[in-house]
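# Examination of the molecular architecture
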Amino acid sequence: MSGQSRQSGQSGLGGQSGLGGLSGQGGQGRQVLAGARERWVRTGGVELCVAELGDASQPTVLLVHGYPDSKEVWSEVAAHLSERFHVVLYDVRGHGRSTAPTPLRGGFTLEKLTDDFLAVADAVSPDRPVHLVGHDWGSVQSWEFVTVRRTEGRIASFTSMSGPSLDHFGHWIKKRMTRPTPRRVGQLLGQGAKSWYVYLLHTPVLPELAWRGPLGSQWPKILRRVEKVPAGDYPTPSLRTDAAHGAWLYRDNVRARLRRPRADAYAHAPVQLITPTGDLFLSPKLYEELELWAPQLTRRTLAGKHWVPRTRPEQLAAWIADFVRTHEDLGLSSAQGAAVARPKAAAGRHADRFGGQLVLVTGAASGIGRATAFAFAEAGARVVAVDRDADGAARTAELSRLIGAPAAWAETVDVSDEQAMEKLAEKVSTEYGVLDVLVNNAGIGLSGSFFDTTAEDWKKVLDVNLWGVIHGCRIFGQQMADRGQGGHIVNTASAAAYQPSRALPAYSTSKAAVLMLSECLRAELAGQDIGVSAICPGIVNTNITATARFAGVDAAEEKRRQKKSSRLYGLRNFPPERVADAVLDAVVKNQAVVPVTPESRGAYLMSRFAPRTLRAIARWEPRL
Amino acid sequence: MTSAVMSELSAELRGFREVQALAYECAEAVAAQLRPGVTEREAARMQREWLRERGVRDWFHLPFAWFGDRTAFVGFRVPLQFFPTHRKLEPGMPFILDMAPVHQGYTSDIGYSGCLGLNPVHDRLLADLQTHRELILREVRERRPLREIYESVDRLMVRQGYANRHRAYPFGVIAHKVGRIRERRWSPTVFGFGTQALKGLAGDAIHGHRDGWSPLWSPYRFSDHPPQPGLWAVEPHLGFRGTGAKFEELLVVTDSRDPEQSAFWLDDDLPHVRRWAEDAV
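Residues numbered from 1 in each chain as written. Chains lettered and ligands numbered in written order. Predicted model: local features only at pLDDT ≥ 70, side-chain atom pairs only at ≥ 80, totals over all residues. Heavy atoms only, no water.

Further remarks concern the overall build of chain A. Each helix and strand counted, chain A has 22 helices and 17 strands in total. The globule rule puts the C-alpha radius of gyration for 624 residues at 25 Å, and the 28 Å found for chain A is close to it. Seen along its three principal axes, the alpha-carbon backbone of chain A occupies a region of about 90 × 50 × 45 Å. Counting across all 624 residues of chain A, residues that qualify as buried make up 55%. Sequence-distant contacts in chain A: of pairs separated by 6 or more residues, those separated by 24 or more amount to 76%. (Helix = DSSP H or I, 4+ residues; strand = E, 2+ residues; numbered from the N terminus. Rg over C-alpha atoms; globule rule 2.2 N^0.38 Å. Buried < 20%, exposed > 50% of the residue type's maximum accessible area, 1.4 Å probe, protein only. Contact = heavy atoms within 4.5 Å.)

All names here are of chain A. The eight strands lie next to each other as S1-S2-S4-S3-S5-S6-S7-S8, forming an open sheet whose pairing is mixed. Each of the sheet's edge strands pairs with one partner strand only, and the pair in question is strand S1 (37-43) and strand S8 (297-302). Recorded for the sheet is a direction-independent mean angle of 20° between the axes of neighbouring strands. In the sheet, strand S3 (residues 60-64) pairs with strand S4 (residues 86-90) via five bridges, with the strands oriented parallel. (Pairing = 2+ DSSP bridges. Axes fitted to C-alpha atoms, helices over the stretch in contact; angles between N-to-C directions.)

What follows is about the interface of chain A and chain B. As a measure of interface size, the accessible area lost when the parts come together is often cited. Contacts between the two partners involve 15 residues from chain A and, on the opposite side, 15 residues from chain B. Each partner contributes to the roughly 1,300 Å² buried at the junction of chain A and chain B, and carbon and sulfur atoms together form 46% of this total. Interface area lost by chain A to chain B is led by Arg395(A), Leu402(A) and Arg567(A), which between them contribute 37%. Applying the counting criterion to the chain A and chain B interface returns four salt bridges. Here Arg567(A) and Glu151(B) are joined by a salt bridge, their closest N and O atoms 2.7 Å apart. Where chain A meets chain B, there are eight residue pairs in polar contact (both at pLDDT 80 or more). For the side of chain A that touches chain B, the elements supplying multiple residues, two or more each, are helix H13 (367-378), helix H14 (390-402) and helix H19 (555-572) of chain A. Residue contributions to the side of chain A that touches chain B peak at five residues, all from H13(A). Classifying every residue of the side of chain A that touches chain B gives six nonpolar, two polar and seven charged. (Buried area = accessible area lost by both parts, 1.4 Å probe. Salt bridge = Lys/Arg side-chain N within 4 Å of Asp/Glu carboxyl O. Polar contact = N/O pair within 3.5 Å; in protein donor to acceptor, adjacent residues only side chain to side chain. Nonpolar A, V, L, I, M, F, W, Y, C, P; charged D, E, K, R; others polar.)

This paragraph deals with the side chain of Asp115(A). Residues and elements named next belong to chain A. Position of aspartate 115 among the secondary structure elements: in helix H2 (residues 110-124). Judged by its relative accessible area of 6%, aspartate 115 is buried. Within polar-contact distance, the side chain of aspartate 115 engages the side chain of arginine 150 at 2.6 Å.

A few words now on unusual backbone geometry. The omega torsion of the bond from Tyr67(A) to Pro68(A) falls at -15°, within 30 degrees of zero and hence cis. Along the chain, Pro68(A) falls in the loop between S3 and helix H1 (75-81). The peptide bond linking Tyr234(A) to Pro235(A) adopts the cis configuration, its omega dihedral lying at -5°. Backbone geometry places Asn573(A), a non-glycine residue, at a positive phi of 50°. Considering the arrangement of structural elements, one finds Asn573(A) in the loop between H19 and helix H20 (576-589). With a phi angle near 60°, Arg143(B) is a residue other than glycine that sits in the positive phi range. Along the chain, Arg143(B) falls in the loop between helix H3 (120-141) and helix H4 (146-160).

If you look at the biggest cluster of nonpolar residues, it comprises 90 residues, and the most contacted ones within it are Phe376(A), Ile136(B), Trp217(B) and Leu251(B). With eight residues, H3(B) is the single largest residue contributor to this core. Formed by 85 residues, the second largest nonpolar core is a distinct cluster that contains Leu239(A), Ala243(A), Ala267(A) and Trp307(A). (Core = buried A, V, L, I, M, F, W, Y, C linked by side-chain atoms within 4.5 Å.)

Residue and element names in this part refer to chain A. In terms of domains, chain A is made up of domain 1 (20-335) and domain 2 (351-618). Computed over C-alpha atoms, the centres of domain 1 and domain 2 are 41 Å apart. Across the boundary between the two partners, domain 1 contributes 11 residues, which contact 13 residues of domain 2. In this assembly, domain 1 packs against domain 2 so that about 1,000 Å² is buried in total across both faces, 34% of it on carbon and sulfur atoms. Aspartate 529 is the salt-bridge partner of arginine 312, the closest N and O atoms lying 2.9 Å from each other. Scanning the region where domain 1 abuts domain 2 turns up seven residue pairs in polar contact (both at pLDDT 80 or more). Where the side of domain 1 that touches domain 2 is concerned, the elements lending two or more residues are S8 and helix H11 (313-335). Top contributing element to the side of domain 1 that touches domain 2 by residue count: H11, with four residues. Here the side of domain 1 that touches domain 2 is built from residues that sort into three nonpolar, three polar and five charged. (Domains from an automatic or database assignment.)

What follows is about a positive patch on the surface. A grouping of Arg105(A), Lys174(A), Arg255(A), Arg259(A) and Arg260(A) is seen on the molecular surface, where their side chains present a positively charged patch. Within the secondary structure, Arg260(A) sits in the loop between helix H9 (239-259) and strand S7 (271-276). (Patch = residues over 30% accessible without salt bridge, like charges linked within 9 Å, V, L, I, M, F, W, Y side chains within 5 Å. Areas by Shrake-Rupley, 256 points an atom, 1.4 Å probe, with all protein chains shown as cover. Lys, Arg positive; Asp, Glu negative; His and termini not counted. Charge placed at Lys NZ, Arg CZ, Asp CG, Glu CD.)

Turning to the layout of surface pockets, a few remarks are in order. Residue and element names in this part refer to chain A. Within this model, the second largest pocket holds a volume of roughly 1,000 Å³. Leu302, Gln315, Gln357, Asp436 and Arg483 are, among the 47 residues lining the second largest pocket, the residues nearest its centre. Only H1, H11, strand S14 (487-492), strand S15 (530-536) and H20 provide two or more residues apiece to the lining of the second largest pocket. Top contributing element to the lining of the second largest pocket by residue count: H11, with eight residues. Grouping the amino acids of the lining of the second largest pocket by side-chain chemistry returns 15 nonpolar, 16 polar and 16 charged. When residues of the lining of the second largest pocket are assigned to domains, at least three map to each of domain 1 (20-335) and domain 2 (351-618). (1 Å grid on protein atoms, 1.4 Å probe; cavity = no way out; pocket = protein on both sides within 12 Å on 5 of 7 lines; lining within 4 Å. Points joined across faces, edges and corners; volume = space filled by probe spheres on them.)

Moving on to the state of the cysteines. If you walk through the whole model with that rule in mind, you get zero disulfides over all chains. Cys520(A) takes part in no disulfide bond, and the closest cysteine sulfur to it belongs to Cys473(A), at a distance of 11 Å. (Disulfide = S-S within 2.5 Å.)

Residue and element names in this part refer to chain A. With respect to the secondary-structure elements, aspartate 116 resides in helix H2. With a relative accessible area of 1%, aspartate 116 lands in the buried category. The contact partners of aspartate 116, leaving out residues within four places of it in the chain, are Thr43, Val46, Leu48 and Arg93. There is a polar contact of 2.7 Å between the side chain of aspartate 116 and the side chain of arginine 93.

Before going further, it helps to examine helix H3 (residues 137-147) of chain A. Burial analysis of H3(A) places 11 of its 11 residues in the buried class, the great majority of the element. For H3(A), every residue scored as buried is listed here: Trp137(A), Gly138(A), Ser139(A), Val140(A), Gln141(A), Ser142(A), Trp143(A), Glu144(A), Phe145(A), Val146(A) and Thr147(A).

With that out of the way, let us pick up the side chain of Thr147(A). All names here are of chain A. Among the secondary structure elements, threonine 147 is positioned in helix H3. For threonine 147, a relative accessible area of 4% gives the class buried. Once residues within four sequence positions are removed from consideration, threonine 147 is found in contact with Arg262, Asp264, Ala265, Tyr266, Ala267 and His268.

Residue and element names in this part refer to chain A. Here the structure, examined in full by the defined rule, presents 35 aromatic pairs over all chains. Pairing tryptophan 137 with tyrosine 250 gives two aromatic rings, centres 5.4 Å apart and planes at 75°, and the pair type is edge-to-face. A residue pair is termed long-range when its members are at least 10 positions apart, and tryptophan 137 in helix H3 and tyrosine 250 in helix H9 qualify at 113 residues. In terms of burial, tryptophan 137 and tyrosine 250 fall into one category: buried. (Phe/Tyr/Trp six-rings, centres within 6.5 Å; stacked < 30°, edge-to-face > 60°.)

Another aspect to go through is the pairing of S8(A). All names here are of chain A. Burial of S8 is extensive: five of the six residues sit out of reach of the surface. Two strands pair when backbone bridges link them, and S7 and S8 are joined in this way by six bridges, in the parallel orientation. For leucine 273, the partnering residue across the bridge sits in S8 and is arginine 299.

The next thing to look at is the confidence of the model for chain B. A residue-level look at chain B finds 97% of positions with pLDDT of 70 or above and a mean pLDDT of 91. Mean pLDDT across the elements of chain B bottoms out in helix H1 (residues 3-33) of chain B (85) and peaks in helix H2 (residues 40-53) of chain B (96). (pLDDT = per-residue confidence, 0-100.)

So this is what it looks like as structure tokens:
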């Protein structure tokens, strides 16, 4: 019964049916998958609705949807991928426009779903293995496809998101039950609580009634509110039947597999695991020992909730395309007998989180900015290094490429110049894309008593330290918000933002403003999944001292003080690399205010619990 | 300077040049034998044995070998970490061989950086060391205080985007003086350093302390003096995110007024210099 396919109702070899919107039964999802060619694949008593996009001579990427969904959940991702690949989507049996098995009970076992997959794969790509992508239940079943023997050689790669293998899950639970350490019990209880809906779906009739009743009508609103899925033509009108039929996915498989998980569920294809950190239904701990089951595992982490195909399509498409390309090239080179050299993946900290993302750092020609650019480059991000110093920025970009950035560019811009920033933003968005992370780091130092600080000095320091940040946040932040797929803004404030000092009135003022700006912006952008962090480094060994302005002294004295303070900062010798690590951590954890050096942490603590001590310290004048 | 003094000097320099060439020959021979799986200890022993077979009996310091991120002294806290470990060499790993043999009373101190297979970061570091070699010579000829030259090198490194790793050496030195050593039948070492060489260094330190100079070229105040005539083993060491590269060779400083003669590298026919010349072509 497996693998039998029939192209029904279509003429021509390719099963072309013209525009998807012009044909087909049911009438759902017409505009959602614009330009799709449709065909019907008959297998095991059901007819599956298969849609194809893109050039059929390109590698085939097969997208499998989850519960309660239909193939239209992939519409955004598919649109991005179809520019480069032959994208195939199908409605799982009983979902969307595919027919349901009769009877429903026993019709949704993983074995039957594997038959469906093989039938579709044979129909759309008879000669070449396909690249499998699954979300939610699509991923659960794809894990079955990729771990059973009969699909060997049919799958070139597998990208999994938000759907563990039931067998791995079964072993995961068993391990934690048989040797329950406190940590393991915690993990078990945590996932147990997240699986509440699974228990409900095992009750008879109730889920069907709920979906046909209030849950079905409220679902789009729930998705929008809880999952922040953008409004539009998703979910499709078939939702109620999808959800009712799909309940059998759980009933037919979950108990059986969790009770007796297969012992040989090893993946025979390379796997890319994309873990959304904010998934309400699945704990990231589920994948702790996945390397045991999938030897060729690439991990990715995404800040997002469960429905990432709707909320983060660009990022998913980029990672899928990257993974497919890598394994397509590998497959070709091994087929030609050439030595298979696995391209060196970026190995730095948080490479799973920042791989392929676009990061812009201002003040990237030296110090903390340069170190931050390098840290992101090591994590595999694409880096735009911005600075007034063209040579320094170029150098940063060049070295970034050497240590793992797939691409890096240098831009010479003065952040205090609004027009230049506008132009930069325009160029970045057209040539490189919308930023995933923005680091507003450029800043200058200014020391001297308040009365020695001229209006000119004030203007200069506020222009760079404050207006530079404002321009960056406003122009690039707007682009991030418009894209609506999250992002992060990091602003470099300073310990001087909460530690007053008679020696740094202008500098501290500018940095305090940056700190408050970051806090306000964080509140405003939280609803759009854009995080904002303020970094307060403290005394870090960078060249800010060597270029700082000392108000109220002549040039020779200024030179001497620059030298002296540089020496002192050198003695303190806190490396900018550690600040860069703090920046990456802040983005990953979405921290609001991050003091870095011990003195900065101490001052931050004191600013809250012992502000008078800080005020006393502020009266001390450092002798340089 | 009379010609007699000059020829005496050049005879002496020839001795230093020969032992430096010998040491670099050793470095190249050992580097050619390095394979994946060789440990730092084995590499150090290979250097020691190679030089012993060729008549080296005393050391300024015993050979060192650093592999992988140890070339950038990542996580070094105590001096004992400089000594070779059981770290194994892997493909693509950078390595540094550093040895200071004494041969017929002449001391040399060299550092050789390489990598097993391809490592673009390492290549870049090595290429960027060229400007440091030029900078040091230029500023020594200008008779600038050693501390200031140290800071210039530091600034150049920062501009290049690298970290100063010679700071991790004892006293943070970028260079130290070497001289002739009397050959003894028994030449023990203490913590890897030859006692005779240490004696010479200590003697220099005492003399220098009286006259206001130091045999250690450091970032500290005791190096705030113009270059002292003699032979300096100069070892700028760059580090960049877990990859390190250095060269070390002898710089001759004289009291000549002719800038060309006042300071020059003992030998320009060295692996890293040849490499730069090849890259330039």
